[in-house]
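Close look at the chain arrangement
Here's the letter readout for the chains.
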Amino acid sequence: MSNTVKSTGDGGETHQQAAGETPVLTTNHGVAISDNQNSLKSGARGPTLLEDFVLREKIFHFDHERIPERIVHARGSGAHGVFEATDDISDLSKAALFTKGEKTEVFVRFSTVAGGAGSVDTPRDVRGFAVKFYTREGNWDLVGNNIPVFFIQDAIKFPDLVHSVKMEANSGYPQAGSAHDTFWDFASLTPETTHMLFWAMSDRTLPRSLRMMEGFGVHTFKLVNDGGKASFVKFHWRPKLGIQSTIWDEALKLQAADNDYHRRDLFEAIDTGAFPEWELAIQVFDQEFADAQPYDVLDATKLIPEEDVPLRVIGNLTLNRNVDNFFAETEQVAFLPTNIVPGIDFSNDPLLQGRLFSYLDTQKSRLGTTNFHQIPVNAPRCPFGNFQRDGMMQTLVPKGRANYEPNSLADHGEDGGPRESAEKGFATTNATTEPEETGEKLRVRAELFADHYSQARLFLKSQTESEQAHIASSFVFELSKVGQLDQVPPRMVANLRNVDEDFAKRVADGLGIALPKKTTAAREPVDMAPSDALSIHKKMKETLEGRAVGILIADGTDAGALKSLVAAVTKAKGKAVIVAPKVGGAKLSDGTTQKADAQLAGAPSQIFDAVAVVLSEDGCTALLKEGAAVQWAMDAFGHLKAIGATEEAGPLLDKAGIEPDAGVTGLDGAFVTAAAKRYYDREPKLRTLA
Ligand code: HDD
């Protein structure tokens, strides 16, 4: 729809607009406006008149522009795309969207969890990864996160969890972060959060880009085939660009550099045709497998190691179109785990079961009407029809009088409306693949849910040394932010002792507190074999694709060196971004002026994946006096990035405290290779990690 009012009458031109002319500004009711600059007054200096319907309508609409933000996941970025099924899984699922070669339109919204709609993009936080598939059999929403497990096991705890992590009720801060009293009070009193806490304290919650995140459906779901046979399934999204995260100091500085770092990155990538892609993979297993595990597959705080059930890739997701309007699409999109299609089914996971109520309910509060499904971004692309009628903001105009069923209107030549179809309709699978413990009404949890520590230990043991140090340091940082509740850090460390004694000691040392007495575990943890798939570092892709290289120049920069560097970065599929003290650019060695893409103070090195300092002797001398230039190089080094530099730039590197290592190179071919990775082994020389 255009941004101008469209005639809904005969489809022709409006009375105000002839073809090819600038459209006329009108009121919402189609009356042309003669003056959009001045309100109607009684005399040039007199009061404004109530009669001014143009002014009143404009202000009235403006006053009501905002809608309630999401209670969680308020800050998000969305895009359109397509899902293509690439494997035949008809033996597992009859869902049309999984037919090999089938293409399905999708809308995806990524989000942070705790912060408000206007909060920053890069706090330490879980990221939402919600996908709406507009399938030909109705909408399927896979509303997941970038972490495969969750904080709690039962939906009844969700309001408590969310209240504790959001800004504190009395003071209204902190915004968008878990490093405060109430979150850690709740977490330390709720041992089932332990596994998720390890993920949250890892670099998983500091993604480099939304395009470089994994995604997970989290719960166990079911796939159902034509014969009604159900199998258990877990859904995984794997980014084609590889998974990559930032480090904590970098994430903090990114908040200062660019509030919209992730939103901008996604929008610009799609805008320039660098469409992000993910593989959809499944883990399929049966009841027999489930029964043999030391954890319950219905417990959302547990994962299934890929080594035990390998991933099978069944499709490809490409985001290829930005939204036309942020509010209409990204803000109004309503995801519902209850949006499900024949061939997929829920499991009895008690967290999932609670979600099945919550999402439908919240949309009425957010979007104001039960008719939110008619908003274009939410409407199914396949035909839909039933006898639900009326309600606020009804935009459909059903014809005839069939608004009830059964009816015999068709016998009378009238339209009798749609009817149920046992053959095509969604049918809940029988509980044959579920444990037998159903029937009795009980407020309990299943036995294996009591193991809160085995998988936290599994996660920890699967990480590299550097990743473990990051996790320990995050625990220390976050618990150090607990200001008033002195009982909380020791209680948390007491829980950690059940995961790993050395790790708990590390955190206690980092906090400077005595090692507290170990919490009694509700169920003794067991050792599971480490899983490399849980580590980011072990599977990071060495590539410049989708990454950006900042190139610092100044007057006197060698034109030839700059040209070949930009060519080499571009060839390696990286984005070369030229940074100079003045945005107008710099005068190069050959007398030409090179325009800059960004000014130095506005483009600190944390927004890049690697940097090059391409300076002449004079240029370097000039930049030695620029704090921003020294900081630029210092931060790139501190954030474990590759740094390529001309020999003449040596004094700047020295002033920034840069010491030679594998990531510090000249400007020859070695730089582009070096720029494709990060240098984690540099870190212990730069900062004390717990
Ligand atoms: Fe939730 C939004 C993901 C548990 C209740 N959730 C929301 C969004 C994502 C998730 C990605 C944002 C969707 C969007 O972009 O619009 N939520 C999860 C995951 C969970 C989870 C992966 C656990 C595995 N959520 C969960 C529980 C409840 C909710 C247990 C309530 C009992 N979630 C909501 C909500 C939200 C929501 C309040 C806020 C806005 C919305 O639904 O549309 O209903």
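Rules used throughout
- Residues numbered from 1 in each chain as written.
- Predicted model: local features only at pLDDT ≥ 70, side-chain atom pairs only at ≥ 80, totals over all residues.
- Heavy atoms only, no water.
- UniProt positions renumbered as here; feature names shortened; annotations may be inferred.
- Buried < 20%, exposed > 50% of the residue type's maximum accessible area, 1.4 Å probe, protein only.
- Helix = DSSP H or I, 4+ residues; strand = E, 2+ residues; numbered from the N terminus.
- Contact = heavy atoms within 4.5 Å.
- Domains from an automatic or database assignment.
- Buried area = accessible area lost by both parts, 1.4 Å probe.
- Salt bridge = Lys/Arg side-chain N within 4 Å of Asp/Glu carboxyl O.
- Polar contact = N/O pair within 3.5 Å; in protein donor to acceptor, adjacent residues only side chain to side chain.
- Pairing = 2+ DSSP bridges.
- 1 Å grid on protein atoms, 1.4 Å probe; cavity = no way out; pocket = protein on both sides within 12 Å on 5 of 7 lines; lining within 4 Å.
- Points joined across faces, edges and corners; volume = space filled by probe spheres on them.
- Donors = N, O, S within 2.8 Å, 3.2 Å for Na, K, Ca; no water.
- Core = buried A, V, L, I, M, F, W, Y, C linked by side-chain atoms within 4.5 Å.
- Axes fitted to C-alpha atoms, helices over the stretch in contact; angles between N-to-C directions.
- Left-handed = near helix turned anticlockwise from the far one by under 90°.
- Near = heavy atom within 4 Å.
- Nonpolar A, V, L, I, M, F, W, Y, C, P; charged D, E, K, R; others polar.
- Arc of directions from axis to C-beta.
- Patch = residues over 30% accessible without salt bridge, like charges linked within 9 Å, V, L, I, M, F, W, Y side chains within 5 Å.
- Areas by Shrake-Rupley, 256 points an atom, 1.4 Å probe, with all protein chains shown as cover.
- Lys, Arg positive; Asp, Glu negative; His and termini not counted.
- Charge placed at Lys NZ, Arg CZ, Asp CG, Glu CD.
- pLDDT = per-residue confidence, 0-100.

What follows concerns the UniProt feature "binding site: heme" (unreviewed entry) in the protein chain. As annotated by UniProt and renumbered to match this structure, "binding site: heme" (unreviewed entry) occupies Arg70, Arg109, Phe158, Arg355, Tyr359 and Arg366. Exposure remark for Arg109: the relative accessible area of 4% places this residue in the buried category. For Phe158, the location among the structural elements is in helix α2 (residues 158-165). Under the relative-accessibility criterion, Phe158 is labelled partly exposed at 29%. With residues near it in sequence (within four places) discarded, Phe158 still touches Val72, Phe150 and Ile152.

Assigned domains within the protein chain: domain 1 (1-65), domain 2 (76-374), domain 3 (462-538) and domain 4 (546-685). For domain 2 versus domain 4, the distance between C-alpha centres works out to 36 Å. Facing the 15 residues of domain 2 at the interface are 17 residues of domain 4. When domain 2 packs against domain 4, close to 1300 Å² is buried across both sides, 41% of that on carbon and sulfur atoms. The tally of links between domain 2 and domain 4 comes to five salt bridges. The tally of links between domain 2 and domain 4 comes to eleven residue pairs in polar contact (both at pLDDT 80 or more). Contributing elements (two or more residues each) for the side of domain 2 that touches domain 4: α5 (248-257) and α6 (261-271).

Here we come to the pairing of strand β7 (residues 230-239). With nine of its ten residues buried, β7 lies for the most part within the structure. One ladder, built from two bridges, connects strand β5 (residues 215-216) with β7; its direction is antiparallel. Paired with Gly215 across the two strands is Trp237, which belongs to β7. Here strand β6 (residues 221-224) runs beside β7; their pairing, made up of four bridges, is antiparallel.

This paragraph deals with the layout of surface pockets. Considering only enclosed or pocket space, the second largest pocket measures out at about 1700 Å³ in volume. Lining of the second largest pocket is provided by 46 residues; of these, Pro380, Pro383, Phe384, Gly385 and Asn386 occupy positions nearest its centre.

Before going further, it helps to examine the side chain of His639. Among the structural elements, His639 can be located in the loop between α16 (627-638) and β17 (642-645). Filtering out sequence-adjacent residues up to four positions away, His639 remains in contact with Ile247, Asp249, Glu250, Lys253, Gln606 and Arg678.

This brings us to the coordination of the iron atom of the ligand. Among all protein atoms, only Tyr359 (OH) binds the iron atom of the ligand, sitting 1.8 Å from it. By the element assignment, Tyr359 lies in helix α9 (residues 350-367).

Glancing now at the pattern of salt bridges. As enumerated under the stated definition, the model contains 36 salt bridges in all. Residue Glu331 pairs with Arg70 through a salt bridge whose shortest N-O separation is 3.7 Å. One end of the pair, Glu331, is in helix α8 (residues 326-331); the other, Arg70, is in the loop between α1 (53-63) and β1 (76-85), with 261 residues separating them in the sequence. Overall, the relative accessible area of 9% leaves Glu331 in the buried class. For Arg70, a relative accessible area of 9% translates into the label buried. Across the pair Lys253 and Asp635 runs a salt bridge, and its minimum N-O distance is 3.0 Å. Note that Lys253 is positioned in helix α5 and Asp635 in helix α16, a separation of 382 residues in sequence. Via salt bridges that share partners, Arg208, Arg211, Glu250, Asp265, Asp609, Lys641 and Arg678 belong to a single interconnected network.

Take the nonpolar core next. Ranked by internal contacts, the top residues of the largest apolar core, which has 61 residues, are Phe151, Trp184, Phe198, Phe475, Phe503 and Val507. Counting contributing residues, this core receives three or more from each of domain 2 (76-374) and domain 3 (462-538). Setting aside chain neighbours within four positions, we find Val507 in contact with Ala472, Phe475, Val476, Leu479, Val493 and Leu496.

For the coordinates displayed, the defined rule picks out six cavities of 30 Å³ or more. By volume, the largest cavity is sized at about 150 Å³. Forming the walls of the largest cavity are 19 residues, and the residues nearest its centre are Pro148, Phe216, His236, Leu303 and Ile304. Take the lining of the largest cavity: its biggest share by element is three residues, from β7.

Okay, the packing of helix α3 (residues 181-188) against helix α12 (residues 488-496) next. Running from N to C, α3 and α12 cross one another at 35°; their axes reach a closest spacing of 9 Å. Between α3 and α12 the crossing geometry is left-handed. On α12, the residues that touch Trp184, Asp185, Ala187 and Ser188 of α3 are Val488, Arg491, Met492 and Asn495.

What follows concerns the UniProt feature "domain: Catalase core" (unreviewed entry) in the protein chain. In the numbering adopted here, UniProt assigns the feature "domain: Catalase core" (unreviewed entry) to residues 26-413. For the annotated span residues 26-413, helix accounts for 22% and strand for 19% of the residues, and the straight-line distance between the end C-alpha atoms is 44 Å.

In this section: the site of the ligand. The ligand sits among 22 residues. The nearest are Arg70, Arg109, Arg355, Tyr359 and Gln363. A distance of 3.3 Å separates a nitrogen atom of the ligand from a polar atom in the side chain of Arg355. One of the side-chain N or O atoms of Gln363 is found 2.9 Å from an oxygen atom in the ligand. When residues of the shell around the ligand are traced back to their parent elements, those giving at least two are β3 (127-135), β4 (138-145) and α9. In terms of residue count, the dominant contributor to the shell around the ligand is α9 (six residues). Looking at the shell around the ligand, its residues break down into eleven nonpolar, eight polar and three charged.

Turning to α2, a few remarks are in order. Those residues of α2 that fall on the buried side of the exposure criterion are Leu161, Val162, Ser164 and Val165. Along the axis of α2, the buried positions cluster into a sector of 160°, meaning they face one direction only. The inward-facing, buried residues of α2 abut α3.

Together, Asp558, Asp590, Glu617, Asp618, Glu647 and Glu648 give the surface a local cluster of negative charge. Of note, Glu617 is situated in helix α15 (residues 617-623).

Turning next to the packing of α2 against α3. Relative to each other, α2 and α3 sit at 145°, their axes nearing to 6 Å. Side by side, α2 and α3 meet where Asp160, Leu161, Ser164 and Val165 of the first sit next to Thr182, Phe183 and Phe186 of the second. Residue classes in the contact of α2 with α3 are distributed as four nonpolar, two polar and one charged.

Counting buried residues in α3 gives six out of eight residues, a clear majority hidden from the surface. Of the positions making up α3, those classed as buried are Asp181, Phe183, Trp184, Phe186, Ala187 and Ser188. Considering only its buried residues, α3 is in contact with α2, α4 (194-200), α11 (465-480) and α12.

A few words now on the confidence of the model for the protein chain. Model confidence for the protein chain is summarised by a mean pLDDT of 95, while 96% of its residues fall at 70 or above. Confidence, read as mean pLDDT per element, is least for helix α18 (residues 669-674) in the protein chain (94) and greatest for β3 (99). Contacts of residues 7-12 to residues separated by more than four positions or lying in other chains number two contacts, the stretch itself having pLDDT below 50. Scored as a complex, the prediction yields pTM 0.96 and ipTM 0.99.

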